[in-house]
Amino acid sequence: MPDFQPKILAFACNWCSYAGADLAGISRKQYPPNVRIIRVMCSGRVEPIFVLSAFENGADGVLITGCHIGDCHYKFGNKNAEIMVKQAKELLSTLGIGSERLRLEWVSASEGQRFSEVMTDFTENVQKMGPNPMFAETAEAKT
Amino acid sequence: MKESIKSAFKDTKAYYCLECGKCTSACPVSIYYPGFSPRLLVKKALLDFEGDLLSDKNIWDCLTCNICNDVCMSDVQLPEFIRAIRSEAQPIGNEGCESHCGVPHAVSRIMTNTNLTQNRLEWITKDMKISNNDGEYLLWIGCAPYHKTIFSDYDKGTDISDAALRLLNFFGISPVVLPNEKCCGHDMLWLGQRKTFEDLREQNKKAIEDAKVDRIVTTCAEGYYTLKNDYNLDAEVIHISQFLADKIENEVLKFKATKNMKVTYHDPCRLGRFAGEYDAPRKVLDALPGVEFVEMEKNRHKSPCCGVSAWINCDDFSKKMRFNKLMMAKDVDAEAIITTCPKCRIHLRCYTTNEHVTPQMNMDIEDLTLLCARSLGLLDKRR
């Protein structure tokens, strides 16, 4: 389905990744417009329920970005995010949505280039995976 | 008054309330939180304070443990009444506080989607026998695969299903296990989300009927009561403790004493007060060698709830209830509390593994199914 435009939800931490997204914008790096970014104070703020709700409400992929390990503004918030993502991935795979639709990436404030690369790569991946299985029929009917 | 509340009055016999207040005096919530009174809730509804009642946050504090109905002289079914009020309160924005960030609820809701194929049977190893299509027995797994993920810190979840399957295999039964079994909908029903429950029930009923089984064995007290009471199935629903009690009565089983311990039994509300099954688990415990069984001060129909139901409103009061339960077991010098409900096990274990608890509170919380499988030598010693 080449025309399929996935809906991707990205959680970006305030201190690194959101600034990284800013830098990507300032440096005019291009990335697909499928990504909707939500700013959170720390990647550790994201809970499994955020991910489940996103899929329940029609997201095709969820990306969580935070500071590199050791760089967290709150010392170990991103360690918590790692634990959380492991749990959420397990839930998604048991539910049959697929754990590969959730990704955790570390993007620092100086990595505008990397931010756009991560977004492009994940969007392409989700495009290959096709729409969220929960809404597979409605997505097919639309195209 | 709304029609639906009127009919709830009729169905639950709330009109017969004598305002004697026995329910409030017996209620495990009211003991710690005097602001909550089952009697007052019924009175509010009777006096037609509908708006007031529907916006009352207290309706979410009810544990639906049925102890009020047990002491009620007029047989008012208060849990069902609260359930009806909840389903009216939800649309106007009065919702309970979901624990675990609402993950168990979201999982149930997502499961109503018919497009999804779950991967829930990964815990089944090659040495376990299951049959894919029709057989006599069906083993109901329930939410165990999800508990395994959500409560990974202190509860393995599927270890009960594993033990149950090994037990059934031991008796020469290869049960059907549904690969795409949905949540039984118990929590959704008691939260007043009738629509979600009915979606789940419809899908489950179809799957069970396609499997053409005569008996459904559950390892979970809530699943047992829901399948038996709210599903209208042709197949007979039995709890694993009833299955085991029946086998112990009719067959000579070679139990091995694993280690000597003194245990007590916690009656889950769905198996005890709701379904009236008090004897089967006790019969099994009595038959196990090396297990000395003692009753707690409040047992059988007086057994207090583990503190939370349907994953809502886990608060200080609920923690006090759990503390009380554990102290009650300590008072009779029990080393372990045995239960037959995976959720009771999770709630009590959550309390015992809590870092604030002193080492003196150390208490094993275990499931009857596991204890039995271990006694028959079906599990490796590590577990």
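Everything discussed here concerns the structure shown above.
Residues numbered from 1 in each chain as written. Chains lettered and ligands numbered in written order. Predicted model: local features only at pLDDT ≥ 70, side-chain atom pairs only at ≥ 80, totals over all residues. Heavy atoms only, no water.

The subject of this paragraph is the overall build of chain B. Within chain B, the regular secondary structure consists of 19 helices and seven strands. Taking 383 residues into account, the globule formula puts the C-alpha radius of gyration at 21 Å, and chain B, at 21 Å, falls close to it. Within chain B, the fraction of its 383 residues that count as buried is 59%. Across chain B, every contact between residues at least 6 apart in sequence was considered, and the portion connecting residues at least 24 apart equals 77%. When the accessible surface of chain B is totalled, it reaches about 16200 Å², and 48% of it is carbon and sulfur. Mean positive and mean negative side-chain charge positions of chain B (51 and 54 charges, respectively) differ by 2 Å. (Helix = DSSP H or I, 4+ residues; strand = E, 2+ residues; numbered from the N terminus. Rg over C-alpha atoms; globule rule 2.2 N^0.38 Å. Buried < 20%, exposed > 50% of the residue type's maximum accessible area, 1.4 Å probe, protein only. Contact = heavy atoms within 4.5 Å. Areas by Shrake-Rupley, 256 points an atom, 1.4 Å probe, with all protein chains shown as cover. Lys, Arg positive; Asp, Glu negative; His and termini not counted. Charge placed at Lys NZ, Arg CZ, Asp CG, Glu CD.)

Bringing the sheet that holds strand β2 (residues 215-218) of chain B into the picture now. Picture the strands of a sheet paired through backbone hydrogen bonds; they go either parallel or antiparallel. Residue and element names in this part refer to chain B. Taken together, three strands build an open sheet; the order of strands is β1-β2-β3 and the sheet is parallel. One side of each edge strand has no neighbouring strand; the edge strands of this open sheet are β1 (137-140) and β3 (236-239). Along the sheet, successive strands turn relative to each other by an average axial angle of 25°, direction set aside. By the bridge criterion, four bridges tie β1 to β2 in an arrangement that is parallel. What sits directly across from Tyr137, in β2, is Arg215. (Pairing = 2+ DSSP bridges. Axes fitted to C-alpha atoms, helices over the stretch in contact; angles between N-to-C directions.)

A few words now on the packing of helix α4 (residues 38-46) of chain B against helix α7 (residues 78-89) of chain B. Residue and element names in this part refer to chain B. Two numbers describe how α4 lies on α7: the axes approach to 11 Å, and their chain directions differ by 55°. In terms of orientation, α4 lies oblique with respect to α7. Seen along the crossing, α4 lies across α7 with a hand that is left-handed. Each of Pro38, Leu41, Val42 and Ala45 in α4 lies in contact with α7, whose residues at this interface are Leu78, Phe81 and Ile82. (Parallel < 35°, antiparallel > 145°, perpendicular 65-115°, else oblique. Left-handed = near helix turned anticlockwise from the far one by under 90°.)

On to the sheet that holds strand β2 (residues 35-40) of chain A. All names here are of chain A. What the four strands build is an open sheet, ordered β2-β1-β3-β4; its pairing is parallel. Two strands bound the open sheet, and with one partner strand each, they are β2 and β4 (102-106). For this sheet, the mean angle separating the axes of adjacent strands, direction not counted, is 20°. Here strand β3 (residues 61-66) pairs with β4 via five bridges, running parallel. Note on β4: the bridge partner recorded for Thr65 is Glu105. Across the sheet, helix α3 (residues 77-95) is in contact with β3 and β4; its angle to β4 comes to roughly 165°. Docked against the sheet, helix α4 (residues 112-129) engages β1 (8-13), β2, β3 and β4, running at close to 165° with respect to β4.

The next point concerns the pattern of salt bridges. On inspection of all chains with the given rule, the structure shows 31 salt bridges over all chains. Connected through salt bridges with shared partners, the residues B:Asp155, B:Asp159, B:Arg345, B:Arg349, B:Glu366 and B:Arg374 form a single ionic network. (Salt bridge = Lys/Arg side-chain N within 4 Å of Asp/Glu carboxyl O.)

Before going further, it helps to spend a moment on the interface of chain B and chain A. Chain B puts 19 residues into the contact, and the matching count from chain A is 18 residues. Interface of chain B and chain A: buried area, both sides summed, is about 1700 Å²; carbon and sulfur atoms make up 61% of it. Of all residues in chain B, the largest losses of buried area upon contact with chain A belong to B:Ile110, B:Asn115 and B:Thr149, amounting jointly to 34% of the total for that side. Connecting chain B to chain A are one salt bridge. Between chain B and chain A we count nine residue pairs in polar contact (both at pLDDT 80 or more) in total. Looking at the side of chain B that touches chain A, the elements that each hand over two or more residues are α8 (103-111) and α9 (144-150) of chain B. Taken together, the residues that form the side of chain B that touches chain A break down as ten nonpolar, seven polar and two charged. (Buried area = accessible area lost by both parts, 1.4 Å probe. Polar contact = N/O pair within 3.5 Å; in protein donor to acceptor, adjacent residues only side chain to side chain. Nonpolar A, V, L, I, M, F, W, Y, C, P; charged D, E, K, R; others polar.)

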